[in-house]
Amino acid sequence: MRLGLLICDHVSPEFVGISGDYPAMFARLFEPYPDLELVGYDLTAGEFPASPLECDAWITTGSRHSVYDDQPWIAALADFVRAVAAADRRYIGVCFGHQMIAHALGGKVERAAAGWGVGVKEVVVDDGPDWLGADRYRVLNSHGDQVTDLPADAVVLGGNQHCPVSLMAVGDRIVGIQGHPEFTKEYAAALLHARRGTVIPAEVVDAALASLGDPVEPGLLADAMVRFLRM
């Protein structure tokens with residue numbers, strides 16, 4: 001299976017040595033599945049697929065940007081998401097990619113009233129689909145925005161008090177995951193320390209750093225995503 005990786009940001013140079021750039025993180029996440037061929041497209045450099053049929057399915061990375069930022073590549077990604085939906089290809093959006101699903105398909109994304117969602121968060125799944133295979137999971141988070149209104153035909157699959165729309169589906173071909181299953185705790189900690197007291201309030205960072213002692217389940221989410229992509 002050719003899985004198109006839509007790259008929406010790059011890891012800052014000072015942090016690349018921790019876990020690599022986004023393509024390396026996703027390659028590591030899907031390493032147990034050698035039949036998945038990750039094909040990267042650097043959207044921030046204007047590298048877009050010629051067609052949604054160019055790959056069998058698509059996955060979008062996170063980003064430091066917001067989906068409502070006025071940048072040409074972000075508007076072009078919204079167009080591409082709509083094209084993927086029309087072409088009936090499978091699509092998974094991670095963090096920024098999750099929010100882009102709502103933004104592109106008629107929902108709404110805003111700065112989170114609850115503030116930054118960082119550290120390990122547990123997501124409770126209500127009546128989840130068979131491919132998910134769990135009724136809850138823990139995942140690293142790093143986001144200031146949230147989906148506040150769902151697009152048409154979307155359903156919430158899982159959430160928590162801080163982020164009610166942490167996992168959603170649009171129809172049976174598109175899934176959005178607010179967390180970062182590709183992140184390592186080491187990378188999450190480096191981001192938190194760099195943003196403490198400037199981008200993110202110190203007390204929020206300190207609580208998030210404390211949460212890094214909790215387990216996370218990237219393998220559970222990788223398995224679930226692959227089951228979804230293969231359906």
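Read on for a plain summary of the structure. All values derive from a computational prediction rather than experimental measurement. (Residues numbered from 1 in each chain as written. Predicted model: local features only at pLDDT ≥ 70, side-chain atom pairs only at ≥ 80, totals over all residues. Heavy atoms only, no water.)

### A word on the overall build of the protein
Alright, step 1. Counting secondary structure elements, the protein contains 7 helices and 11 strands.
Alright, step 2. For 231 residues, the compact-globule estimate of 2.2 N^0.38 gives 17 Å, and the protein sits close to it at 16 Å.
Alright, step 3. Seen along its three principal axes, the alpha-carbon backbone of the protein occupies a region of about 45 × 40 × 35 Å.
Alright, step 4. For the protein, the residues scored as buried account for 53% of the 231 residues in total.
Alright, step 5. Long-range pairs, those at least 24 residues apart, make up 72% of the contacts in the protein between residues at least 6 apart in sequence.
Alright, step 6. Counting only carbon and sulfur atoms, one obtains 51% of the accessible surface of the protein, whose full area is about 9,700 Å².
Alright, step 7. Here the protein contributes 17 positively and 31 negatively charged side chains, and the mean placements of these two sets differ by 2 Å. (Helix = DSSP H or I, 4+ residues; strand = E, 2+ residues; numbered from the N terminus. Rg over C-alpha atoms; globule rule 2.2 N^0.38 Å. Buried < 20%, exposed > 50% of the residue type's maximum accessible area, 1.4 Å probe, protein only. Contact = heavy atoms within 4.5 Å. Areas by Shrake-Rupley, 256 points an atom, 1.4 Å probe, with all protein chains shown as cover. Lys, Arg positive; Asp, Glu negative; His and termini not counted. Charge placed at Lys NZ, Arg CZ, Asp CG, Glu CD.)

### Some details on the pattern of salt bridges
Alright, step 1. Enumeration according to the criterion identifies 12 salt bridges in this entry.
Alright, step 2. With its nearest N and O atoms 3.7 Å apart, the salt bridge here joins Arg173 to Asp88. Of the two residues, Arg173 is situated in the loop between β10 (167-170) and β11 (174-177) and Asp88 in the loop between α3 (72-87) and β4 (90-94); the sequence distance between them amounts to 85 residues. (Salt bridge = Lys/Arg side-chain N within 4 Å of Asp/Glu carboxyl O.)

### Notes on the pairing of strand β3 (residues 57-60)
Alright, step 1. Burial of β3 is two-sided: the residues Ala57 and Ile59 facing one way and the residues Trp58 and Thr60 facing the other way are all buried.
Alright, step 2. Relative to β4, β3 runs parallel, the two being bridged by 4 bridges. From the neighbouring strand, Thr60 faces β4, where its bridge partner is Gly93. (Pairing = 2+ DSSP bridges.)

### Digging into the packing of α3 against helix α4 (residues 96-104)
Alright, step 1. Where α3 meets α4, the closest approach of the two axes is 9 Å, and the angle between their N-to-C directions is 70 degrees. Comparing their axes, α4 and α3 come out roughly perpendicular. In contact with Trp73, Ile74, Leu77, Ala78, Val81 and Arg82 of α3, α4 contributes Phe96, Met100, His103 and Ala104. (Axes fitted to C-alpha atoms, helices over the stretch in contact; angles between N-to-C directions. Parallel < 35°, antiparallel > 145°, perpendicular 65-115°, else oblique.)

### A few points about the sheet that holds β11
Alright, step 1. Across the sheet, which stays open at both edges, the 9 strands sit in the order β2-β1-β3-β4-β11-β10-β9-β6-β7 with mixed pairing between neighbours. The open sheet has two edge strands, β2 (37-42) and β7 (136-143), and neither has a second partner. When strand polarity is set aside, the average angle formed by the axes of neighbouring strands in this sheet is 25 degrees.
Alright, step 2. Contacting β1 (2-7), β3, β4 and β11, α3 runs over the sheet at an angle of about 150 degrees to β3.

### Comments concerning the packing of aromatic side chains
Alright, step 1. This model, assessed by the stated rule, comprises 6 aromatic pairs.
Alright, step 2. With 5.0 Å between their ring centres and 85 degrees between their planes, Trp58 and Phe80 make a pair best called edge-to-face. Placement of the pair is Trp58 in strand β3 and Phe80 in helix α3, with a sequence separation of 22 residues. Comparing Trp58 with Phe80, the two get one shared label, buried. (Phe/Tyr/Trp six-rings, centres within 6.5 Å; stacked < 30°, edge-to-face > 60°.)

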